[in-house]
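Chain residues, written in single-letter form:
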Amino acid sequence: MMIEYSKESQTFQLQTDNTSYIFQVLANGDLGQVYYGRKIHLKSNYHNLTTREIKDATVSWKVDQPDIQPDVLKHEYSVLGSGDFRFPAFQLTFANGSRVSEFKYVDYEINTGKQRLPGMPSTFDDTNDDVQTLTINLTDQLVGMDLQLHYSIFPHQDVIARSATFINHSNDQVVIDHAFSTEVDLPDANYDLIEFPGAWARERQLNRAALRLGYQGSGSLRNATSHQANPFMMIARHDTSEDFGEVYGFNLVYSGNFLNQVEVDQFQTTRILVGINPTEFAWNLGPGSQFQTPEAIQSYSNQGMNQLSQQLSDFYQDHIVNPRFSQQPRPTLVNNWEGTYFDFNEDKLMTIVNAAHKAGIEMFVLDDGWFGERNDDTTSLGDWFVDKNKFPNGIEHFVNQVHGLGMKFGLWVEPEMISKQSHLYEQHPEWMIQTPGRHQTPGRNQFVLDMTRPEVVDYLFKVLNQIITDTKLDYIKWDMNRYITEMYGIDLPANQQLEMGHRYILGVYDLYDRLIKSNPDVLFESCASGGGRFDLGMMYYAPQAWTSDDIDAAERMKIQYGTSYGYSLSMMGSHVSAVPNDITGRTIELSTRARVAYFGDFGYELDLAKLSDDELKQVAWQVEFYKRYRRLFQFGKFYRIESPFAGNVTSWQVVNDDQSLAIAGRYQLMNEPNSPYLRIKFKGLHPDKQYRINDSEEIFYGDELMNAGYFIPNILKTMKEQRLRTADFSSQLFVIKAI
Ligand code: GLA
């Protein structure tokens, strides 16, 4: 049993293969958290863990029950107003303006498996992976409301998914001022907070800092999870490394405003809250209605961050990503964006398509600029019909040629956006999000459609579905290139304006859901100026995302390394661009560019027709190499070895399930004069297996390669041998095969 209930102490014990999560019903009917961490034995009572000293100068529940001191207890889903003065997991306002809630324990239910949440991305259990779901029912009798806390236990990946449902049985309106998805109250604060802040072209950079007293954490108010913050975070012991130590991971299955808040209080306890950002949110819960929070997932490992990332990655593939694609090899592709920008026509594109075909690339992706009259970024968003100047014979004619070569065809769209210079704007100016009478702030010259309006979603479904059918699309790159300003819903009453952000993202999910149901074989890639919506909400619909607009290989080392903490390799679109790179102006050898891009969904984003014959041969070789090891690069077990955030060298590795095959990449930014002895210590190999490296004559045991390491030859020598132009930004790839 993964869920045990002890009647004697009213304690719930949730067990995964390696972790325990324990909470109990307190004497006042509230839920108190007992323990979360490495698995411990089941017991009927944990007196030792629940003993508390009575503190002075704070409130107690009752005069004759002084040990129930809400401000001192660890809670399961806390609320402000009756003695816990820390930031609460939720807050309600009732019809009379009162803000005190008293949800008391009623009973519980256990169900096998995990149902999807309606209308929202969520975890699921289609593979009968021994999942169980516990629902705790609580009620507030005075106001006639129920609260359900849901816990789905995914035992084999050590993951628990949590969410809450508020149900209003009363005749009055209740306002949910905020409602997080999960709360974890840890008994001490000797942890580091590890987060992944960034910016456009610099997404998900590692940031690690010790917890301190007070509030910390990060979130987004951009109506997208954002480039600047990511909902994935870790809480790790100060000495936790990639391979040792305790670490908790949290993520949210959601794509809108979020907040990860960590609070260290007066007694050095740590409260972790993950959910929709309370700022710019409130939900009016009418009589008879209910509100479901998005799901948060939490996981724990005592074997370091590599282990945590690996178990999360397994979890995503089985329980988040569209099952149609979760194990499906992703096609190699060429995308024309950085190759042509808006300056193309059918003939020019065909030169790229033909070069790609020769090189063995499997898909051509037509990026921005194929529709309306879009020759720059000032016009046409919303006009999803082909530009006859660029495709005089219609887009079908072009697509037929691509398909005729046996290649797949992908198309860029940006459904949520509208240009003022567009037919759509002429017809429906009211579909644009705007606050009446206020200035309208453009972003990349464009504005945002009101996705909370059903007619907008209906329209987009109709036109996009038509394009998919007409062009027999294999793949869609769904972009979203600006954050939302002047948020306001012209159809919503004044007291519901704070619902807009959540309603907007539900509208986006609705459109995704309808398009996928009607076109189950189309692979979606999400994008938001690169990695501005790189989150599990998107991954539920679009199994992969464009990791960053920055394709410079040196920057990508950091971006992909940072992203790998919380996401799978198969989720990361990773391409080779032309040099000098358009964003950094940096020139890096083609070999290094490819060796970085291999670790993900591989492609090219340049004008292949401009490459020399030598370079094209190299591209063909790279594509062939990638295809041979594609499964490993997309679905292998990923190990971080040396961090780009720590110094000059980055290295990482993928290993297959039976440890018979692994590939490691090692990248060095600057060459060092008279360098020290260089070795790479591989990871995840079988200690007793024997391996060859790059078909070497010498044979190595796994334990030798992991503990003593493998000698790195002099970079200058390699440079001369391979006729490379520079020894900076050098790289090596190690194909490690068991014999
Ligand atoms: C965004 C994307 C790019 C490209 C452009 C097109 O910036 O991230 O990859 O598609 O839009 O306008």
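Structural data are supplied above this passage.
Residues numbered from 1 in each chain as written. Predicted model: local features only at pLDDT ≥ 70, side-chain atom pairs only at ≥ 80, totals over all residues. Heavy atoms only, no water.

*Asks:* So what about the overall build of the chain? Which residues, and what values?
*Replies:* When its secondary structure is counted, the chain shows 16 helices and 38 strands. Its C-alpha atoms give the chain a radius of gyration of 27 Å, within 12% of the compact-globule value 27 Å for 739 residues. Expressed as lengths along the three principal axes of its C-alpha atoms, the size of the chain is roughly 85 × 70 × 45 Å. For the chain, contacts bridging at least 24 residues in sequence account for 69% of all contacts bridging at least 6. Split by element, the accessible area of the chain, about 28,100 Å² in all, is 49% carbon and sulfur. Of the charged side chains in the chain, 65 are positive and 95 negative, and the gap between their average positions amounts to 4 Å. (Helix = DSSP H or I, 4+ residues; strand = E, 2+ residues; numbered from the N terminus. Rg over C-alpha atoms; globule rule 2.2 N^0.38 Å. Contact = heavy atoms within 4.5 Å. Areas by Shrake-Rupley, 256 points an atom, 1.4 Å probe, with all protein chains shown as cover. Lys, Arg positive; Asp, Glu negative; His and termini not counted. Charge placed at Lys NZ, Arg CZ, Asp CG, Glu CD.)

*Asks:* Please provide a residue-by-residue account of the environment of glutamine 440, values included.
*Replies:* Mapped onto the secondary structure, glutamine 440 falls in the loop between α7 (423-427) and β25 (446-448). Classification of glutamine 440 by relative accessible area gives partly exposed; the value is 23%. For glutamine 440 and threonine 485, which are 45 residues apart along the polypeptide, the C-alpha to C-alpha distance reads 7.8 Å. Here lysine 420 takes part through its side chain, which lies 2.4 Å from a polar atom of the side chain of glutamine 440. Reaching out from glutamine 440, the side chain makes a polar contact with the side chain of glutamine 434 at a distance of 3.1 Å. (Buried < 20%, exposed > 50% of the residue type's maximum accessible area, 1.4 Å probe, protein only. Polar contact = N/O pair within 3.5 Å; in protein donor to acceptor, adjacent residues only side chain to side chain.)

*Asks:* Lay out the pairing of strand β2 (residues 11-15) with the relevant residues and their values.
*Replies:* Consecutive side chains of a regular strand alternate in pointing toward one face of the sheet and then the other. Burial within β2 is extensive, with five of its five residues counted as buried. Two elements, strand β1 (residues 3-6) and β2, share four bridges in a ladder whose sense is antiparallel. Paired with isoleucine 3 across the two strands is leucine 14, which belongs to β2. Linking β1 back to β2 in an antiparallel pair, the connection comprises four residues, with glutamine 10 at a positive phi of about 45°. Examined bridge by bridge, β2 and strand β3 (residues 19-25) share five bridges and lie antiparallel to one another. (Pairing = 2+ DSSP bridges.)

*Asks:* Lay out helix α11 (residues 553-564) with the relevant residues and their values.
*Replies:* Between its terminal C-alpha atoms α11 stretches 16 Å, which fits the 16 Å expected from 12 residues at 1.5 Å a residue. Among the 12 residues that make up α11, 11 are buried, leaving the element largely enclosed by the rest of the structure. Listing the buried residues of α11 in full gives Ala553, Ala554, Glu555, Arg556, Met557, Ile559, Gln560, Tyr561, Gly562, Thr563 and Ser564. Two to three positions downstream of the cap, the backbone nitrogen of alanine 554 sits 2.8 Å from a side-chain oxygen, assigning the N-cap of α11 to aspartate 552. (Expected span 1.5 Å × (residues − 1).)

*Asks:* Describe the site of the ligand, listing the residues and the values that go with them.
*Replies:* The local shell around the ligand holds 13 residues, among which Asp367, Asp368, Arg444, Lys477 and Asp549 are the closest. One of the side-chain N or O atoms of aspartate 367 is found 2.6 Å from an oxygen atom in the ligand. Within the side chain of aspartate 479, one N or O atom sits 2.9 Å away from an oxygen atom of the ligand. If the ligand stood free it would expose 300 Å²; the protein chains cover 96% of that surface. In terms of residue class, the shell around the ligand is built from four nonpolar, three polar and six charged. (Near = heavy atom within 4 Å. Nonpolar A, V, L, I, M, F, W, Y, C, P; charged D, E, K, R; others polar.)

*Asks:* Can you tell me about the packing of aromatic side chains, naming the residues and giving the values?
*Replies:* This model, assessed by the stated rule, comprises 67 aromatic pairs. Seen from their ring centres, phenylalanine 124 and tyrosine 540 are 6.2 Å apart, and the 65° between their planes marks the pair as edge-to-face. Of this pair, phenylalanine 124 sits in the loop between β6 (104-112) and β7 (132-140) while tyrosine 540 sits in helix α10 (residues 536-541); the two residues are 416 residues apart in sequence, bridging distant segments of the chain. By relative accessible area, which is 1% here, phenylalanine 124 ends up buried. Using a relative accessible area of 12% as the deciding quantity, one classes tyrosine 540 as buried. Residues tryptophan 478 and tyrosine 512 carry aromatic rings whose centres are separated by 3.7 Å and whose planes lie at 10° to one another, so their mutual orientation is stacked. Of the two residues, tryptophan 478 is situated in strand β26 (residues 475-478) and tyrosine 512 in helix α9 (residues 500-518); the sequence distance between them amounts to 34 residues. Of the two residues, tryptophan 478 and tyrosine 512, both sit in the buried class. For arginine 204, the ring lying beneath its charged end belongs to phenylalanine 534, and the centroid distance is 4.3 Å. A cation sits over an aromatic face here: arginine 324 above phenylalanine 325, 4.7 Å from the ring centre. (Phe/Tyr/Trp six-rings, centres within 6.5 Å; stacked < 30°, edge-to-face > 60°. Lys NZ or Arg CZ within 6 Å of the ring centre and 35° of its normal.)

*Asks:* Run through the environment of glutamine 148, naming residues and quoting values.
*Replies:* Inspection of the secondary structure puts glutamine 148 in strand β8 (residues 145-154). C-alpha separation for the pair glutamine 148 and threonine 123, spaced 25 residues apart in sequence, amounts to 17 Å. Non-local contacts of glutamine 148, meaning those with residues more than four positions away in its chain, are made with Thr135, Ile136, Asn137, Ser163, Ala164, Thr165 and Ile167. Only 3.3 Å separates the side chain of glutamine 148 from the side chain of asparagine 137, close enough to count as a polar contact.

*Asks:* Got a sec to walk through the sheet that holds strand β4 (residues 31-38)? Specific residues and values, please.
*Replies:* If you trace the four strands from one edge of the open sheet to the other, you get β1-β2-β3-β4, paired in antiparallel fashion. Each end of this open sheet is capped by a strand with a single partner; those strands are β1 and β4. Each strand axis lies, on average, 15° off the axis of its neighbour in the sheet, ignoring direction. (Axes fitted to C-alpha atoms, helices over the stretch in contact; angles between N-to-C directions.)

*Asks:* Describe the sheet that holds strand β28 (residues 544-546), and please don't skip the residues or the numbers.
*Replies:* Strand order around the closed barrel formed by eight strands is β21-β22-β23-β26-β27-β28-β29-β30, with parallel pairing between neighbours. Ignoring strand direction, the axes of neighbouring strands in this sheet form an average angle of 30°. As defined by bridge partners, strand β22 (residues 363-366) adjoins strand β23 (residues 408-413) across four bridges and the pair is classed as parallel. Opposite valine 365, over in β23, you have glycine 410 as the bridge partner. Helix α5 (residues 346-358) contacts β21 (333-335) and β22 of the sheet and is inclined by roughly 155° relative to β22.

*Asks:* Kindly report on the packing of helix α8 (residues 454-470) against α9, identifying the contributing residues and their values.
*Replies:* Running from N to C, α8 and α9 cross one another at 30°; their axes reach a closest spacing of 10 Å. As α8 runs across α9, the sense of the crossing is right-handed. When α8 is examined against α9, the residues Val457, Asp458, Leu460, Phe461, Leu464, Asn465 and Ile468 are found in contact with a partner set consisting of Gly507, Asp510, Leu511, Arg514, Leu515 and Ser518. (Left-handed = near helix turned anticlockwise from the far one by under 90°.)

*Asks:* Which residues make up the pattern of salt bridges, and what values do they have?
*Replies:* A side chain of one charge can pair with a side chain of the opposite charge if their charged atoms are brought near each other. One pass over the full model with this rule turns up 36 salt bridges. Glutamate 362 is the salt-bridge partner of arginine 630, the closest N and O atoms lying 2.8 Å from each other. Here arginine 630 is found in helix α14 (residues 630-635), whereas its partner glutamate 362 is found in the loop between α5 and β22, with 268 residues between them in sequence. We classify arginine 630 as buried; its relative accessible area is 12%. (Salt bridge = Lys/Arg side-chain N within 4 Å of Asp/Glu carboxyl O.)

*Asks:* Talk me through the nonpolar core; I want residue IDs and the actual numbers.
*Replies:* Grouped together as the largest cluster of nonpolar side chains are 191 residues, with contacts concentrated most on Phe166, Phe364, Leu366 and Trp370. A per-element tally of this core places α9 first, with nine residues. Ignoring anything within four residues of it in the chain, the contact list for tryptophan 370 reads Phe344, Trp384, Phe385, Val386, Asp387, Phe391, Ile395, Leu411, Trp412, Val413 and Ile467. The next biggest cluster of nonpolar side chains, apart from the first, holds 17 residues, and it includes Ala664, Ile693, Phe700 and Ile736. (Core = buried A, V, L, I, M, F, W, Y, C linked by side-chain atoms within 4.5 Å.)

*Asks:* Describe the side chain of arginine 482, with residues and values.
*Replies:* Relative to the assigned elements, arginine 482 resides in the loop between β26 and α9. Here glutamine 446 takes part through its backbone oxygen, which lies 2.6 Å from a polar atom of the side chain of arginine 482. At 2.8 Å, the side chain of arginine 482 and the side chain of threonine 485 are in polar contact. With residues up to four places along the chain from it excluded, the contact list for arginine 482 reads Met417, Thr441, Pro442, Gly443, Gln446, Phe447 and Val448.

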